[in-house]
Amino acid sequence: MMWEIDLKEVPFEADVRELLMAFYPDGADVRVHGHKEKDCYHVTVDFANDEAGGTFSFPASGDRFAEKCDIKRELYKVLSQHEGRTLPWGTLTGIRPTKLAMQGIDFKKVFLTSDEKIKLCFDTAAREQKVLEKTDFENGWSLYVGIPFCPTRCLYCSFTAYPIALWKNKKKNYIDALCREIEEVSKIMSGKKLQTIYMGGGTPTSLEADELRHILMKIRECNDMDGVLEFTVEAGRPDSITEDKLKALRECGVSRISVNPQTMNQKTLDLIGRRHTVGEVAEKFRLARLLGFDNINMDIIVGLPGESIEDVEHTMDELENLGPDDITVHSLALKRAARLSEEKDRYESASPDAVSRMIELTKERCERMNLKPYYMYRQKNMAGNFENVGYAHEGKEGIYNILIMEEKQIIVGCGAGTTTKIPIDGGLGGVKRIENVKDPQVYIERIDEMIARKREINNGTY
């Protein structure tokens, strides 16, 4: 059951749809109709079975941001009154709230955001600014290297990722193309200072140790590493981590890794397609510590199918016992490309109230571990209109995580499915994007084109 939206001359259908999604992630019989008369927009909201809805109007001022906020605010009031509940972020459905906080926007007045989320947003923005004091937006750049392979595909995953078993005999071709792109990008960016490196995916550690070493050494050989503040590799899936691979990362100067359980409840790991045990998570984390990694991130997801607040509490107990330097708490978002979205009727999902309690629990437990919020982002189709937050010890914050959200520094993506982002006027004028094709085989075949696109960075196109 989906919504009916007919706004005619009211140009905010996408914004209305996002707000309806926040209230009704599984759809609902709600009709939103609108039209324009002279210098005013008029909108009517109707509910199923002729339940009372509402009609509201707002001026067509020509200020698109103000108009967008007006329609979402008035629609929110109608939906909130009808449902008898509010959303933690109010009308805000954008993915980078800290960017708005840095612009000094009044969240309470403009977005009807709760006091708790306003505090979280502004506290996070303040820490972001402090961490970013180390970076050079004008003369610096960051490198993202994409490894689009995984041991298996998780139930909730929508990323570009291909089963590594199917690429056993073709990995070399991908690695060769990737290394060639890295080499050419390093030449293109030679006039700027490389500051952060992030290898993600997929699961980079689905590659063998010598394959990882080959790529990482190519990065080192082609770039001046003296100005690099952070070198991150997502080890990600514990079932892909070995001692040899961790040693290869250490030899190549990797300073930060992720060991991501998503949950520390075995029943959920089995359900979502994670082919590892809870015990393996702890084992691989401790192995990384033993080998000298002193900045380890762990990701968890709240709102996974069938999980209760007690399950989330158990996950936080286990993480506290391990003592990671950084915990990223994700709220489950149903992406169209994920199997969970296609098969959601088969799984029990947590209510928005339950997810809210889970998020509050993770916040309290991170505070108890002396982990402070330092970056935040939100996703479309996030049930309950929640957020993803990174918590870290001081000095262990993931710099690249902030840069990718704040979009103030050039980030060049190498590999299949990656995106290069070039800020315009320091990010105030938006961001230009250069996309690489997603399919690894097509990427290999069109590598010359992928490299040629990057040359536009310096020829004045962007």
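Residues numbered from 1 in each chain as written. Predicted model: local features only at pLDDT ≥ 70, side-chain atom pairs only at ≥ 80, totals over all residues. Heavy atoms only, no water.

### Looking at the pattern of salt bridges
Argument step 1. A complete count under the given rule lists 33 salt bridges for this structure.
Argument step 2. One salt bridge in this structure joins Arg31 and Asp29, with 3.0 Å as the shortest N-O distance.
Argument step 3. What makes Arg31 partly exposed here is its relative accessible area of 21%.
Argument step 4. Between Glu394 and Lys130 there is a salt bridge, and its shortest N-O distance comes to 3.2 Å. Remark: Lys130 occurs in helix H5 (residues 115-131) and Glu394 occurs in the loop between strand E14 (388-392) and helix H14 (399-406); sequence separation between them is 264 residues.
Argument step 5. A residue is classified by how much of its surface remains accessible, and Glu394, at 66% relative accessible area, is exposed. (Salt bridge = Lys/Arg side-chain N within 4 Å of Asp/Glu carboxyl O. Buried < 20%, exposed > 50% of the residue type's maximum accessible area, 1.4 Å probe, protein only. Helix = DSSP H or I, 4+ residues; strand = E, 2+ residues; numbered from the N terminus.)

### Things to note about the packing of helix H6 (residues 171-188) against helix H7 (residues 209-222)
Argument step 1. Taken N-terminus to C-terminus, the directions of H6 and H7 make an angle of 10°; their axes are 9 Å apart at the nearest point. Between H6 and H7, the angle is such that the two are roughly parallel. Note on packing geometry: the crossing formed by H6 with H7 is right-handed. Mapping the contact onto sequence places Lys171, Ile175, Leu178, Cys179, Ile182, Glu183 and Ser186 in H6 and Glu211, His214, Ile215, Lys218, Ile219 and Cys222 in H7. (Axes fitted to C-alpha atoms, helices over the stretch in contact; angles between N-to-C directions. Parallel < 35°, antiparallel > 145°, perpendicular 65-115°, else oblique. Left-handed = near helix turned anticlockwise from the far one by under 90°. Contact = heavy atoms within 4.5 Å.)

### Describing the sheet that holds strand E1 (residues 4-6)
Sheets are built from strands that pair by backbone hydrogen bonding, the pairs being arranged parallel or antiparallel.
Argument step 1. In spatial order, the strands read E1-E2-E3-E4; together these four strands make up an open sheet with mixed pairing. Looking at strand neighbours, the two that pair on one side only are E1 and strand E4 (54-59), the edges of this open sheet. Averaged over all neighbouring strand pairs, the angle between strand axes comes to 15°, with direction disregarded. (Pairing = 2+ DSSP bridges.)

### Brief notes about the pairing of strand E15 (residues 410-414)
Successive residues of a regular strand alternate their side chains across the two faces of the sheet.
Argument step 1. Most of E15 sits inside the fold, with five of its five residues counted as buried.
Argument step 2. Residue alternation in E15 divides its side chains into two sets, Ile410, Val412 and Cys414 and Ile411 and Gly413, and both sets are buried.
Argument step 3. Across five bridges, the pairing between strand E5 (residues 140-147) and E15 is parallel. Of the residues in E15, the one forming a bridge with Val145 is Cys414.

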